[in-house]
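Close look at the chain arrangement
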Amino acid sequence: MGWQERGWLVCASILGLVASVHTVTRGELFAFGPSARDQLLEPGNDQTHRLELQKPVLFYDGTFDSIFINTNGFVATTEPTSESTYLGKMPPKFGMIAALQGDLDTSDGVGRVFFRQDSSPEVLRRAAEHINRAFPEDDEVDPTHAVVITWVDVATKESQSRGDGVNKKRNTFQLVIASLETASYAILLYVRDGIQFTSTPAEDSNVVMHAGFSKGYVRGFLFSTQGPYYRTTTDDEASLRALAEETNSGLRGVWVYEIGTSPYFTNVAPGEVTDLPTEATQHRAPDGYDDSANARGPVYTDGQQVEYPPYEPEGGQIQVHPVQYQPHRPSNPEVVVVDDTDINVDVFSYNLGTCANNRNKCSQFADCKDYSSGYCCHCRPGFYGNGIQCVAEGKPQRMNGKVHGKVYVGNSPSPVEFSSNDLHSYVVVNDGRSYVAISDIPYTIGPSLQPLSALGGVIGWAFALEQPGFKNGFSIIGGEFTRQAEVTFMPGNEKLTIRQEFKGIDEHDHLVVSTTLEGRVPEVPRGATVQIDPYSEIYQYSNNLITSSSTRDYVVSLPDGSTETRTYQWRQTITFQSCQHDLSSRDMKPTQMLSVDQVFVMYDVNNELIRFAMSNKIGDINGGQPEENPCFTGRHGCDTNAVCRPGQGNQFTCQCAAGFNGDGRTCYDIDECREDPQICGFHAICNNQPGTFRCECEDGYHFDSDGQTCIAVDRPIDACEEGTHTCDIPERAQCSYTGGSSYICSCLPGFIGDGRICQDIDECQPGRCHQDAVCYNTQGSFTCQCRPGYYGDGFHCSPERTRTQCEIHRDSLLAVTEFGPRGPRPGQYIPTCDENGAYEPMQCHGSMGHCWCVDRNGQEIPGTRFGPSSRPMCIDHGSVQPPVRPTPRPDVHPLPPGTHLLFAQSGRIEHVPLEGYDMKKDDAKPVLHLPEKVIIGVAYDCVEKMVYWTEITSPSISKASIQGGEPVAVIRSDLDSPEGIAIDHLGRTMFWTDSVKDRIEVASLDGSQRRVIIDSDLVNPRAIITDPPNGNLYWSDWNRDAPKIETSYMDGSNRRVLVKDDLGLPNGLAYDSQSSLLCWADAGTHKMECMHPARGDRRKVMEGIQYPFGITSFGKNIYYTDWRRDAVVAVDRHAARESDEFQPQKRTKLYGITTAYAQCPSGQNYCAVNNGGCTHLCLATPTGRSCKCPDNAVGVGCVERDSGY
């Protein structure tokens, strides 16, 4: 629609409003009540109903698939807290759309709250009218979904002594949330005489009601803060009464706000029409409106069946209404790079600016030109495209991408799912021939996709052979655009939607595309082939929009030899961003015709591939005289890397494309890197590619703002690492680096001060120890010791120790009994008790050698008895409840200062302090008791002093403070067998392996923002470790058929195998950041080995180890747990010998082990400061970081960026 037409409509709308400026009546609300198929909120006070949405609502920068409707005049984006937390205490901690919020009540049977979702044309039309009237200067919007909530005759909550409530004051108002894909709007309607009270009780006083939009609490990097609150009223009660008398939409009593946009949001935007025309005539309801019946919803028949208008399929050509461009003029002219969260690429957007500061936004093969309203990029001669992206004329083009979605075949009730299926395409540009292949297509759907040659047809259009005076798609719009197509198969009316996001050209000069398929296709039997006749398709062009439609026939040759001719209708739209400052660029032909012939389709059932091939030409819709010149027919014989130049008549020449040499019949790639070694400049590496080259900065350098000059990476100085800080000595204080040149000094537990000067705290205050104990103060700590004649640990002392059931059982057999003074008779079983006097989970017969598992009462568990040669795996039944503080569990200790080893047994995590590199075995104690759990992996967060662990009895990942605190479950869902776990203490993320799901995941340390980063070619992943300063991840896979050790960047990219030969069961991995050594222990080869991952210089440390499981390193030592020895073993890797062994008092299998450092290891990465500038997950890489979205992200607010900074 042109601006003149649109201006006429605006004028007509304003003229129509002359007759509609009086206040909205109840009959003019959107339809509500039973006749509109509304649901009814349960009567009462502070009632809430969760409404799952058919389409999401955008609110501020969030996307919400459900909302919460509350009696108290508001809608929440998360489940609201009790009314006592926000009444009189606004704004709330949760997201709130307050239509008219107060302490309201519907328990008297008069007031009601109605709500529904509605996508009917009438409701959407009315919503669009309100929105477009409120924002007359913006492009018109057409909502696709609405939620209608109506509070009818609601009263304020009063005491129960008011009688029947007939004379109560009551309020009536309505909220409509209208949404489209990129925005949501709130339409509020306040009825004449519908606001009878403006305050409600709150505790001991009355408070004014609220209307507005609160984002609620916003989680920051370290803590949460109150988000923005856009209040539309004030504490003056007159502002509430004005809601029914004034407007921002041009209609009294109707208020419109834009409350959320995607992908970017700044603030709530109010309607812009606050003036009201003078009332001239009596208001008349819209035509066809039944005020008494609220007849705006579906019509019910007597049989309660809903009748909808009959569907009339759209026919004919898609109508394209040219929209004249009206440039937006920002206050600070510049080129804006827009991160499109749906397609995870940087999509350019032209804004005002000049070439002086935007030249690097153009392609390296383009020139920048200034215009009066801004700048544009133009490809140089020999290249074509939109200036932002240019490719060499004549050069073949490649396209790579992934296919996702769900497609039903025939009448099948179950869809075939596409999950990252590879799509590859190749186009010989100088003859218009394109080839497309999609892999991993199962036979259940492969034959039925054969008619859809248009899946790859867009690449044919993009690089079609151009007839004189016409341009293919890439010449006009470049390589960044969105294509949406709908295929309707006749006569069954099956529909398939194809959405393709073209993301531009990657570093390999390949066009990148993401394809999504949703819908149903008619079945083509297995073994049938499909033939598609030549067809033509008319493309209609306007600013930033291209449309086309066609009807296509195809012939199915069935296995029995018969044939069927079938038909489908095809409609598509292509949206893109063009540069509007160059007026000459708008002279594109409004219509062009794509002619497609030589169409070939085939499904390769053996390789599960579907292939398409076709020849494409773009030209006049009227056909015109057929061109005979070989350059326009494609029959010229030029090299595939050459462009055909037409001459007079049928004359032509072949010219090698830019970046190639030759006579045009044969072309050879030019190695620019060899011909000009300095082409990329200082500190840069040149990579030759067919027809071109690319420059990359050396390690330690990155591109300057010009995108060409490599400058040194300005890494921040860590004063804590350099030792230039002013904190107290490490025995009393800790230095914590906070980014830039900043750090924080903090006293260690047991000391007090500002971190620069710390003094010992005398913990021996009255009541610290038992009344029958003496307290001894020590540096940073204290000890308690029972007085002579008392027994206990100093926290609990008693004159005598109470024996447990196990101890009584044991001592009764060891004491002098009827068997005489020599004790028990030979061969008698004597139970063993643990340090708490409970039965050890595994009991053994001293003379027979048999072992078995017992329950907490000492009773044998059937089926667990093993002979002398092996032992059962018994689970600790946890005779004492957790938790971790010195009371009430005196044998569970917070860790004192220093470095420790943490290791897991089934049912507990223990620690061994390190003195230098030696294990202080006498000081080893449990840190955490977890009864009836089998703990596998252990990791330590040196920043928050947290231990993290995986356990498989009820698969979960949990954490607890080693300084004391209850265990907290972090992740409990979608886990099968979590084993290895590792922490990135800089990026504040954790990584783990799941040996049943065969994948590696990452998440924030609170368990949110989960993302699968590796989910292919894994069989039994177990150990995993991080190298945060260098952005690397390492893991082992003990697949018995093909064990291996692999690495990748922390975002899962650049995955590669480090070791695959001479491995057996690589259970444990350790990485020493000081020596850059990766070490592993192998229970199959019985070896311990190390290597530098960058050099691959593998060397053996020890042979003959028995059955290692977990492994960790500290300085010169490697420590590992051994299942055969039930021990922690220390190995001096310099001397290549075992140096010590520690066997816990509890003799069961030991699992994961890790080092709990006294201070965090040195090093930084880009994620350590401000989350690397990422909105969600920041995952380090060797040269920067990748910003990634969690797998459950709903698009809005999350921005992905590839590796680099």
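Residues numbered from 1 in each chain as written. Predicted model: local features only at pLDDT ≥ 70, side-chain atom pairs only at ≥ 80, totals over all residues. Heavy atoms only, no water.

Under an unreviewed UniProt entry, the protein chain has the name Nidogen-1 and belongs to Lates japonicus. Quoted straight from UniProt, the Subcellular location (unreviewed entry) entry for the protein chain says "Secreted, Extracellular space, Extracellular matrix, Basement membrane". (UniProt positions renumbered as here; feature names shortened; annotations may be inferred.)

**Here's the deal with the sheet that holds strand β81 (residues 1137–1142)**
Spatial strand order, β78-β79-β80-β81: four strands in an open sheet with antiparallel pairing. Where the open sheet ends on each side, the last strands, each with one partner, are β78 (1108–1114) and β81. For this sheet, the mean inter-axis angle between neighbouring strands, taken without regard to orientation, is 25°. Looking at chain direction, β78 and strand β79 (residues 1117–1122) are connected through five bridges and run antiparallel. Of the residues in β79, the one forming a bridge with T1112 is Y1119. (Pairing = 2+ DSSP bridges. Helix = DSSP H or I, 4+ residues; strand = E, 2+ residues; numbered from the N terminus. Axes fitted to C-alpha atoms, helices over the stretch in contact; angles between N-to-C directions.)

**Digging into the pattern of salt bridges**
Applying the stated criterion to the full structure yields 45 salt bridges. Between D153 and R26 there is a salt bridge, and its shortest N-O distance comes to 2.9 Å. Of this pair, D153 sits in strand β8 (residues 145–156) while R26 sits in the loop between α1 (3–17) and β1 (39–40), placing them 127 residues apart in sequence. The salt bridge involving E1141 is made with R1125; its shortest N-O contact spans 2.9 Å. A residue pair is termed long-range when its members are at least 10 positions apart, and E1141 in strand β81 and R1125 in the loop between β79 and β80 (1127–1132) qualify at 16 residues. Judged by its relative accessible area of 15%, R1125 is buried. Each member of the salt-bridge network shares a partner with another, and the members are D974, D976, K997, R999, E1001 and R1010. (Salt bridge = Lys/Arg side-chain N within 4 Å of Asp/Glu carboxyl O. Buried < 20%, exposed > 50% of the residue type's maximum accessible area, 1.4 Å probe, protein only.)

**A closer look at the state of the cysteines**
Counting across every chain of the model gives 23 disulfides. Across the disulfide, C673 is cross-linked to C686 (sulfur-sulfur distance 1.9 Å). As the torsion about the S-S bond is roughly -70°, the C673-C686 disulfide counts as left-handed. Taken together, the residues C673 in helix α7 (residues 672–675) and C686 in strand β44 (residues 684–689) connect sequence positions 13 residues apart. Disulfide pairing is shown between C1189 and C1198; the S-S distance is 2.0 Å. For the disulfide bridge between C1189 and C1198, the dihedral angle about the S-S bond is near -115°, and by the sign convention the bridge is left-handed. Comparing C1189 with C1198, the two get one shared label, buried. (Disulfide = S-S within 2.5 Å.)

**Some details on helix α9 (residues 805–814)**
Side chains that are three or four residues apart share a direction in an α-helix, a result of its 3.6 residues per turn. For α9, the complete set of buried residues consists of C806, E807 and L813. Seen along its axis, α9 keeps its buried residues to an arc of 135°; they face one direction. (Arc of directions from axis to C-beta.)

**Focus on the side chain of S956**
Secondary-structure assignment places S956 in strand β64 (residues 956–961). When sequence neighbours within four positions are dropped, the list of residues in contact with S956 reads W949, T950, E951, I971, R972, L975 and P978. (Contact = heavy atoms within 4.5 Å.)

**Points about the environment of K55**
Positionally, K55 belongs in strand β2 (residues 48–59). Sequence separation of K55 and S66 is 11 residues, and the distance between their C-alpha atoms is 8.9 Å. When sequence neighbours within four positions are dropped, the list of residues in contact with K55 reads T144 and H145.

**Examining the nonpolar core**
Residues W461, F463 and L496 are the most contacted members of the largest nonpolar core, which totals 63 residues. When residues of this core are assigned to their parent elements, the largest contribution, five residues, is made by strand β38 (residues 591–604). Discounting chain neighbours no more than four positions away, the residues touching W461 are N472, G473, I477, F481, Y539, Y541, I546, I574, L594 and I618. The next biggest cluster of nonpolar side chains, apart from the first, holds 39 residues, and it includes L51, W151, Y257 and V268. (Core = buried A, V, L, I, M, F, W, Y, C linked by side-chain atoms within 4.5 Å.)

**Looking at the packing of aromatic side chains**
Within the structure shown, the criterion is met by 28 aromatic pairs. In textbook terms, an aromatic cluster arises when at least three aromatic residues are bridged by ring pairs, as seen for W461, F481, F502 and Y539. Between R526 and the ring centre of Y443, over which it is positioned, the NZ or CZ distance is 4.4 Å. The ring of W570 has R552 lying over it, and the distance from NZ or CZ to the ring centre is 4.8 Å. (Phe/Tyr/Trp six-rings, centres within 6.5 Å; stacked < 30°, edge-to-face > 60°. Lys NZ or Arg CZ within 6 Å of the ring centre and 35° of its normal.)

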